[in-house]
Amino acid sequence: MPCGEDWLSHPLGIVQGFFAQNGVNPDWEKKVIEYFKEKLKENNAPKWVPSLNEVPLHYLKPNSFVKFRCMIQDMFDPEFYMGVYETVNQTTKARVLHFGKYRDVAECGPQQELDLSSPRSTTAERQTFYCVPVPGESSWVKEAYVNANQARVSPSTSYTPSRHKRSYEDDEDMDLQPNKQKDQHAGAQQAGGLGGLHWCGEPKRLETEASSGQQLSSLNLSSPFDLNFPLPGEKGPACLVKVYEDWDCFKVNDVLELYGVLSVDPVLSILNNEEREASALLDPMECTDMAEEQRVHSPPASLVPRIHVILAQKLQHINPLLPTCLNKEESRTCKFVSSFMSELSPVRAELLGFLTHALLGDSLAAEYLILHLISTVYTRRDVLPLGKFTVNLSGCPQNSTFTEHLYRIIQHLVPASFRLQMTIENMNQLKFIPHKDYTANRLVSGLLQLPNNTSLVIDETLLEQGQLDTSGVHNVTALSNLITWQKVDYDFSYHQMEFPCSINVLVTSEGRSLLPADCQIHLQPQLIPPNMEEYMNSLLSTVLPSVLNKFRIYLTLLRFLDYNISDDITKAVEDDFVEMRKNDPQSITADDLHQLLVVARFLSLSAGQTTLSRERWLRAKQLESSRKNRLQQHKCVNGNEL
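As a starting point, this report considers the structure included with it. Just so we're clear, the structure is a prediction, and the values are computed from it rather than from any experiment. Note that residues are indexed from 1 along each chain, following the sequence as it is written. Confidence filtering applies because this is a predicted model: local features only for residues at pLDDT of at least 70, side-chain atom pairs given and counted only at 80 or more, and all residues used for totals across whole chains, interfaces and linings. For the side-chain quantities, the full set of heavy atoms in the structure was used; hydrogens and water were omitted.

## Brief notes about helix α14 (residues 470-485)
- Helix and strand assignments come from DSSP, with helices taken as H or I runs of at least 4 residues and strands as E runs of at least 2, each series counted from the N terminus. Multiplying one less than the number of residues by 1.5 Å gives the expected span of a helix. Between its first and last C-alpha, α14 extends 22 Å over 16 residues, near the 22 Å set by a 1.5 Å rise per residue.
- The buried label applies to any residue whose accessible area, calculated with a 1.4 Å probe on protein chains only, is under 20% of its type's maximum; exposed applies above 50%, and partly exposed to all values in between. Of the residues making up α14, those classed as buried are Gly-472, Asn-475, Ala-478, Leu-479, Ser-480, Leu-482 and Ile-483.
- Residue contacts are counted whenever heavy atoms from the two residues lie within 4.5 Å of one another. On its buried face, α14 sits against β14 (417-421), α13 (424-429), β17 (455-459), β18 (487-491) and β20 (504-508).
- A distance of 3.1 Å separates the backbone nitrogen of Ser-471 from a side-chain oxygen at the start of α14, and that oxygen is part of Asp-469.
- At the C-terminal side of α14, Gln-486 shows a positive phi close to 50 degrees. Counting of polar contacts relies on pairs of N or O atoms within 3.5 Å, with two restrictions inside protein: one atom must be capable of donating a hydrogen and the other of accepting it, and residues adjacent in sequence are counted only when both atoms are side-chain atoms.

## Points about the pattern of salt bridges
- By definition, a salt bridge exists where a carboxyl oxygen of Asp or Glu is found within 4 Å of a side-chain nitrogen of Lys or Arg. Summed over all chains, the structure comprises 30 salt bridges.
- Measuring nitrogen to oxygen at the nearest pair gives 3.4 Å for the salt bridge that ties Asp-254 to Lys-314. Taken together, the residues Asp-254 in the loop between β8 (239-243) and β9 (255-263) and Lys-314 in strand β10 (residues 306-314) connect sequence positions 60 residues apart.
- You can call Asp-254 buried: its relative accessible area is 8%.
- Here Lys-314 falls in the partly exposed class, since its relative accessible area comes to 38%.
- Asp-518 is paired through a salt bridge with Lys-388; the nearest N and O atoms lie 2.5 Å apart. On the criterion of sequence distance, the pair formed by Asp-518 in the loop between β20 and β21 (519-522) and Lys-388 in the loop between β12 (384-386) and β13 (391-394) is long-range, its members being 130 residues apart.
- Each of Glu-54, Arg-69, Glu-137 and Lys-142 takes part in salt bridges that share partners, so that together they form one network.

## Brief notes about the environment of Pro-119
- Note on placement: Pro-119 falls in the loop between β5 (112-114) and β6 (122-132).
- A sequence separation of 34 residues divides Pro-119 from Tyr-85, and the C-alpha atoms of the two residues are 9.2 Å apart.

## Observations concerning the packing of aromatic side chains
- Working definition: rings of Phe, Tyr and Trp (its six-membered ring) pair if their centres are within 6.5 Å, and the pair is stacked with planes under 30 degrees apart, edge-to-face with planes over 60 apart, and tilted otherwise. Here the structure, examined in full by the defined rule, presents 18 aromatic pairs.
- A ring pair is formed by Phe-19 and Trp-28, whose centres lie 5.3 Å apart and whose planes are at 80 degrees; its orientation type is edge-to-face. The pair formed by Phe-19 and Trp-28 is uniform in burial state, with each residue classed as buried.
- Taking the centre distance of 3.9 Å and the plane angle of 15 degrees together, the rings of Tyr-490 and Phe-499 count as stacked. Of the two residues, Tyr-490 and Phe-499, neither departs from the other in class, the shared state being buried.
- An aromatic cluster of at least three residues, connected via ring pairs, comprises Trp-7, Phe-18, Tyr-35, Phe-36, Phe-65 and Tyr-259.
- Think of it as a cone above the ring: NZ of Lys or CZ of Arg counts as a charge over the ring if it is within 6 Å of the ring centre and within 35 degrees of the ring normal. Sitting over the face of the ring of Phe-99, Arg-103 holds its NZ or CZ atom 4.2 Å from the ring centroid.
- Taking the ring centre of Tyr-378 as reference, the NZ or CZ of Arg-601 above it sits at 3.6 Å.

## A word on a nonpolar patch on the surface
- Here, patches come from residues exposed beyond 30% relative accessible area and free of salt bridges, joined within 9 Å for like charges and within 5 Å for nonpolar side chains (Val, Leu, Ile, Met, Phe, Trp, Tyr). The Shrake-Rupley method, run with a 1.4 Å probe sphere, supplies the accessible areas, and residue values consider only the shown protein chains as cover. Taken together, the side chains of Val-383, Leu-384 and Trp-485 present a nonpolar region at the surface, about 270 Å² in accessible area.
- Mapped onto the secondary structure, Leu-384 falls in strand β12.
- On the basis of relative accessible area, Leu-384 is assigned to the partly exposed category, the value being 38%.

## Brief notes about the environment of Thr-87
- Checked against the element boundaries, Thr-87 lands in strand β2 (residues 79-89).
- It is 8.8 Å that separates the C-alpha atoms of Thr-87 and Ser-118, two residues lying 31 residues apart in sequence.
- Residue contacts for Thr-87: discarding those within four places in its chain leaves Ala-94, Arg-95, Val-96, His-98, Glu-107, Cys-108, Gln-112, Glu-113, Leu-114 and Asp-115.
- There is a polar contact of 2.8 Å between the side chain of Thr-87 and the side chain of His-98.

## Some words on the side chain of Gln-449
- Within the secondary structure, Gln-449 sits in the loop between β16 (442-444) and β17.
- A polar atom in the side chain of Gln-449 sits 2.9 Å from the backbone oxygen of Gln-73.

## Notes on the sheet that holds β17
- Across the sheet, five strands lie side by side as β14-β17-β20-β13-β21; this open sheet has parallel pairing. Edge positions in the open sheet fall to β14 and β21, since each of these has one partner strand only. Strand-to-strand twist across the sheet, computed as the mean angle between neighbouring axes with direction ignored, equals 20 degrees.
- Sheet topology places β17 next to β20; five bridges connect them, and they run parallel. Across the sheet, Asp-459 pairs through a bridge with Thr-508, a residue of β20.
- Fitted lines through C-alpha atoms give the axes, limited to the stretch in contact for helices. The angle between two N-to-C directions lies from 0 to 180 degrees. Against the sheet, helix α11 (residues 363-373) touches β13, β17, β20 and β21, its axis set at about 150 degrees to β20.
- Helix-sheet contacts for α14 involve β14, β17 and β20, and the interaxial angle to β20 is about 125 degrees. In this analysis, strands are considered paired if DSSP registers two or more bridges between them.

## Focus: helix α3 (residues 27-41)
- The terminal C-alpha atoms of α3 lie 21 Å apart, and with 15 residues this matches the ideal 21 Å at 1.5 Å per residue to within 8%.
- Turning to α3, its buried residues number three or more, namely Trp-28, Val-32, Ile-33, Phe-36, Lys-39 and Leu-40. For α3, the angular spread of the buried residues around the axis is 145 degrees, confining them to a single face. Among the exposed residues of α3, those pointing more than 90 degrees away from its buried face are Lys-30 and Lys-41.
- Elements in contact with the buried residues of α3: α1 (6-9), α2 (11-22), β1 (65-75), β3 (95-99), β9 and β10. In this description, one arc is meant: the one made by directions from the helix axis to the C-beta atoms.

## Quick look at the nonpolar core
- Counting residues in each nonpolar core, the largest one holds 71 residues, and the members touching the most others are Phe-354, Leu-393, Phe-402, Leu-413 and Tyr-554.
- The residues touching Phe-354, leaving out its near neighbours within four places in the chain, are Ile-409, Leu-413, Leu-539, Leu-540, Val-543 and Phe-551. The criterion is simple. A nonpolar core is a set of buried Ala, Val, Leu, Ile, Met, Phe, Trp, Tyr and Cys residues joined through side-chain atoms within 4.5 Å.

## Here's the deal with the pairing of β10
- Examined bridge by bridge, β8 and β10 share three bridges and lie parallel to one another. Across the sheet, the residue bridging to Val-241 is Ile-307, located in β10.
- Bridging between β9 and β10 involves eight bridges; their strand directions are antiparallel. Considered in β10, the bridge of Leu-262 is made with Ile-307.

Encoded structure:
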């Protein structure tokens, strides 16, 4: 463990030390950041930092150093806070300077009074993000992070949370689930303040009152607090994240790893309740709007803790089996990456065999599933996203649990995923598109608010006859736009705002999908197991954990490989295209050529080759020919669709 635990348990003490040495000179802020950067470079130091993802809130000490792996769900307006403030001792008249950075509540002793008119006080600005755990994060990812974390924590006795103490992952009825909020929280909702530091003259008395059941709620808000998770059934804490530097580098839906100071000060509940009482004296209509915004922007710290960020990193991926940063330059020099790339061929062969079994013996479909799973949008040309590869797996057995178990297989391979059951009821009732709630001044999440490289499996085999209402039609349109343009148009009432994304969409269907797709592959099962669940469970149980981990590394790593086509191969492809058109002008179009190039790209990358070879080009043509012939045969047999 890194020597000295003060930086973990008392980070504000470290900050105080730098502030005391430098006073109002702003250099102290840079020195704080550099100090913690260096600390985290020490051997395995990040593993000793408690994570809000793995450790229940009541096990974490207030004002301790923590980390959080999350997605930015919303960005609130910037807020002002007292960067430096001065207190006066009422007895001795001694004056003391304090820093306000990384704090919610101003620090004042029993005999001290805040001097708001002090010329030495300064005001600064910070940004607030509303962050949630990564939507759809796979259980194997969570388990790997839990096993890697070596932080030593025990139940905190420094405050009493207003909710029951329970683990995030183990308790099915936990209070943090948005659809299962307990009534006990209804009276505990905060209306929270206008940012900045609150003055706390008697911290001990207020702390006691705050833990006694939240009795000071003056506005009886009927609805429990919704943690605003994009996907149903998600668990874990949502956090208000206070960012002090470079917040312009981040945007909504970015996945971050944050390191900072945990703030769960119960005093916030008391102060925000007092603000509610004050707002209740205003115009009733205005009061209701303000109360709703305050409730959302300043929820109870015991339910939505605050993190004051010291260090923030945008994550390229959340696969715990790989180095965090996989830039193209770094991936070439990383020993782990180069070692894995040297044994890529057998890993691909094993993965192909594994997916062939999962697809009931269909090796051609397994080839295309591999290409789909490593695809990613690598650039955009005008509005056209290049690199997307949406696959429609048609011919899925009707009245079978095949699609459900196929999704389970995918869940075991990718870091984040979601299965959308495309029933008439779901299409009409679920909220796909995030929308702006102007009363609460927040972005209300929807199913399609997902981070990049999430695998979205749309199960169309569940679709039956029925009527789509207006909401259902909008949801189908949203899915079509996501697949075609890799973007989601968020609803801001008076206008729509485009949010580009890179989501891997796999559509399972009986016939040809109602949704667009880049590639349709018709499933040809070589066997139909009498018990699908037993068959799939057996398939998973026979794969060694070490082999499964290789599959996971393979599918994540190949997304980050660079790729190019040499001038010689470009000329050969052009000549090939002209020759095919000469023999039969109807046999291949410009769209078909584009499809061939996409297949050739991912076929090359799947073999670890970063440039297109003549061999891979011919193999891509062979795969596409087999796929089209199969579709044609099925069309002739059925005489319809496809």
